[in-house]
Structure formats: C-alpha cells, structure tokens
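# Coordinate analysis (summary)
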Amino acid sequence: MTYHWINTIEAFRKLTPEWDALLLRSRQYNPFLLSEFITTWWTHYHKQAAELQIFVVYQNDRLVAGLPLCLMRSSQRDGWARRLIYIGGWAANYTEPLSILSGSEFLDQLRQALGTRHDWDLLELSDIRGGHPLVEAGQCWEPDHGLVVRLTPDHANFAIDLSGGVDAYFATISKKLRRDLRAKRRHAEQRYGPIRLEPVGGSAEVERLMERYVAFSSQTFRNRGRRSTFDDVRQAAFFREFLTMMDAHGWLDAHVLRAGEHVLAISVG
C-alpha cells in the first residue's frame, strides 16, 4: 500500500470518479463523503482553512481509502493549535474515513503519514458513528512521536422501523402514546385541514424548499431568543447548491408535511 496527500481542490476533482465509485463500493452510506459535498464545502468555506489535506491510500494502484481533511488554525483560547479537521465542519454529521480496509490497517497508514509531518498538532474526528471499527482500533493507538489524535464516537442512530407497515409499528408502542398521536392528528386536521406528505424534486423546487427551510429555521430559533446557523447566508448558499446537486443525481429524498395549506415540517434526506 502507498499513501499521499492531496493539497488542491483541482487535484481532488480529477480523482472524484474513483472516489465516488469507492464510496458506493464500500456501502458506507455516508453523504458527507461524497465528492460533491467536499468540493461544494471547499468552494464556500476554503478561506477559513489554512490548507486542504485529503489523505488517500492506494493498494496495487487502486484507491482503497481516503480521509477528507483540512488544516485549521485555532484561536488563542485553544493555544493556536494547528488542527487537522474533517472537511465540512459543522455541516458534516459524520466524520469518518472512506475505506474498505480494516480499522487497524487504515490507522497504520494514517499513523505513518502523520508521523512524517510537522505542520499539525491535533487530528480531530469529532463525530464517528457508534460501532465504527475505527473507534475500536483507535483505542489501541497509543500516542507516539508527538501524535495527538482525538476520535470521538457519537450519533447513536435512532430509527422508527416501518418495514412491516404503520400498523405493525403502532403495535410496538404504548396505548397511551397511540391515543395521543391519533388525538393530535385529529386536532391538526380539524384546525388546518387534511395532512399529507409531499415529495419535492427538481432544481427549482429544491431551491424553493431551501428558501422555506431557511425562513422556517430562522423564525423558530428567533422565537426562542436564539440565532439559526442559516442566518449566515453563506451556509444557506452551501446547502442550496449541495442539495441541488444531490437532486440532479437522484439521491435527494426531500418532503414537505402539510396540513391543508400550512407547512408543518420539512424533511431532507
């Protein structure tokens, strides 16, 4: 196996077909590893980072692993530490490597690569899904050569299993909760009108969805005396562009929940 670092977005763009093919082959189902998430985020936020640092591993001239990182300068409060962080920042809910290697194999390659560099103080992957092999492998990685690595497991994945149908799911919850849900639905329909879930697709519709989402987020946070992250127009622009790209590939699963003509909720997956 061999590894190297990609330091320009132009060089990474040349790799994107191979990168996305590996992501699909790995079956990791992580949209924050998509090449278009990485390139779109870099387009909007590259001025916040000191340098692009995408780590890639090849085996027999075939891409087998990657980790999208950038070098960030911390504030004085954090001691001006030079941090290697996951591309996407707050927008990446999962900060995991792209890899078909075992956790220990990947970490061995990463350890070698980091050990030859002297331009960083801390590698931080803040949101690794529970049960990811990297967490277990990382627990055995004793600090050496001054390498400081922080791997944080996060995001227990809660799910409502509807594979057996809604009635089968309702049978698993308490009678009181069932009564409450039905009563709240009747109340909403009496007040606003019939409830329906509408799919959203097409670039124009996705852009309108984002406009509504941003307004919805800003207003609900304002009602609680807080500020939405989407009050930053750059963040709204980043998500609008990324979701439009996702829709163009047929990868976006977006819906609006309505009661009559009132929008109750927006979902993007």
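Cut-off values and rules
Residues numbered from 1 in each chain as written. Predicted model: local features only at pLDDT ≥ 70, side-chain atom pairs only at ≥ 80, totals over all residues. Heavy atoms only, no water. Pairing = 2+ DSSP bridges. Helix = DSSP H or I, 4+ residues; strand = E, 2+ residues; numbered from the N terminus. Axes fitted to C-alpha atoms, helices over the stretch in contact; angles between N-to-C directions. Contact = heavy atoms within 4.5 Å. Buried < 20%, exposed > 50% of the residue type's maximum accessible area, 1.4 Å probe, protein only. Parallel < 35°, antiparallel > 145°, perpendicular 65-115°, else oblique. Left-handed = near helix turned anticlockwise from the far one by under 90°. Patch = residues over 30% accessible without salt bridge, like charges linked within 9 Å, V, L, I, M, F, W, Y side chains within 5 Å. Areas by Shrake-Rupley, 256 points an atom, 1.4 Å probe, with all protein chains shown as cover. Salt bridge = Lys/Arg side-chain N within 4 Å of Asp/Glu carboxyl O. Phe/Tyr/Trp six-rings, centres within 6.5 Å; stacked < 30°, edge-to-face > 60°. Lys NZ or Arg CZ within 6 Å of the ring centre and 35° of its normal. Core = buried A, V, L, I, M, F, W, Y, C linked by side-chain atoms within 4.5 Å.

## Here's the deal with the sheet that holds strand 8 (residues 195-200)
Spatially, 3 strands are ordered 8-9-10 in an open sheet, and the strand pairing comes out antiparallel. Two strands bound the open sheet, and with one partner strand each, they are strand 8 and strand 10 (262-268). The mean angle between the axes of side-by-side strands here comes to 20 degrees, regardless of whether they run parallel or antiparallel. For strand 8 and strand 9 (residues 254-259), the ladder comprises 6 bridges, and the chain directions are antiparallel. Pairing of Arg196 across the sheet is with Arg258, part of strand 9. Across the face of the sheet, helix 7 (residues 203-223) comes into contact with strand 8, strand 9 and strand 10 while running at roughly 110 degrees to strand 10.

## A few points about unusual backbone geometry
Unusually for a residue other than glycine, Tyr29 sits at a positive phi of about 50 degrees. Examined against the element boundaries, Tyr29 turns out to sit in the loop between helix 1 (9-26) and helix 2 (35-45). Classification of Tyr29 by relative accessible area gives exposed; the value is 60%. You will see that Asp61, though not glycine, has its phi angle at about 65 degrees, which is positive. With respect to the helices and strands, the residue Asp61 is situated in the loop between strand 2 (51-59) and strand 3 (62-73). Its relative accessible area of 75% is what places Asp61 among the exposed residues.

## Structural notes on the packing of helix 1 against helix 2
One can describe the packing of helix 1 onto helix 2 by two numbers: an axis separation of 9 Å at closest approach and a directional angle of 160 degrees. Judged on the interaxial angle alone, helix 2 and helix 1 are roughly antiparallel. Two packed elements cross with a definite hand, and for helix 1 against helix 2 that hand is left-handed. Seen from helix 1, the contacting residues are Ile9, Phe12, Arg13, Thr16, Trp19 and Asp20; seen from helix 2, they are Ser35, Ile38, Thr39, Trp42 and Thr43.

## Points about a nonpolar patch on the surface
A contiguous nonpolar patch, built from Ile160, Leu162 and Val166 and spanning about 290 Å² of accessible area, is present on the exposed surface. Among the structural elements, Leu162 can be located in the loop between strand 7 (149-154) and helix 5 (166-170).

## Some thoughts on the packing of aromatic side chains
Where two aromatic rings form a pair, the distance of their centres and the angle of their planes describe that pair. Applying the stated criterion across every chain yields a total of 16 aromatic pairs. When the centroid spacing of 5.9 Å and the interplanar angle of 45 degrees are considered together, the rings of Tyr3 and Phe55 count as tilted. Taken as a pair, Tyr3 in strand 1 (residues 2-6) and Phe55 in strand 2 lie far apart in primary sequence, 52 residues in all. Among the residues examined, Phe55 registers a relative accessible area of 0% and is labelled buried. An aromatic cluster of at least three residues, connected via ring pairs, comprises Phe32, Phe37, Trp41, Trp42, Tyr45, Tyr94, Tyr213, Phe230, Phe238, Phe239 and Phe242. A cation over an aromatic ring shows up here: Arg224 above the ring of Phe221, its NZ or CZ 4.6 Å from the ring centre.

## Concerning the environment of Ala91
Relative to the elements of secondary structure, Ala91 occurs in the loop between strand 4 (82-86) and strand 5 (98-99). Look at Ala91 and you get buried, because its relative accessible area is 3%. Counting along the chain gives 148 residues from Ala91 to Phe239, while the straight-line C-alpha distance between them is 8.8 Å. If we ignore the near neighbours within four places in the chain, the residues touching Ala91 are Phe32, Phe37, Phe238 and Phe239.

## Some points on the nonpolar core
Membership of the largest hydrophobic core comes to 66 residues, with the highest contact counts inside it found for Trp19, Ile54 and Leu110. In terms of residues, this core owes the most to one element, strand 3, which gives 8 residues. When near neighbours in sequence (up to four residues on either side) are disregarded, Trp19 contacts Phe12, Leu33, Leu34, Ser35, Ile38, Ile54, Val56, Leu63, Gly66, Leu67, Pro68 and Leu98.

## As for the pattern of salt bridges
Once their charged atoms are close, side chains differing in charge can pair, the charge on each being opposite to the other. A full pass over the atoms with the stated rule returns 9 salt bridges. A salt bridge links Asp180 to Lys176; the shortest N-O distance between them is 3.0 Å. With Asp180 and Lys176 both in helix 6 (residues 175-192), this residue pair falls 4 residues apart, about one helical turn. According to the relative accessible area criterion, Asp180 is partly exposed, its value standing at 29%. For Lys176, a relative accessible area of 53% corresponds to the exposed category. Each of Arg196, Glu198, Arg258 and Glu261 takes part in salt bridges that share partners, so that together they form one network.

## Here's the deal with the side chain of Thr39
Of note, Thr39 is situated in helix 2. Judged by its relative accessible area of 11%, Thr39 falls in the buried class. Leave out the neighbours within four places in its chain, and Thr39 touches Ile9, Phe12 and Arg13.

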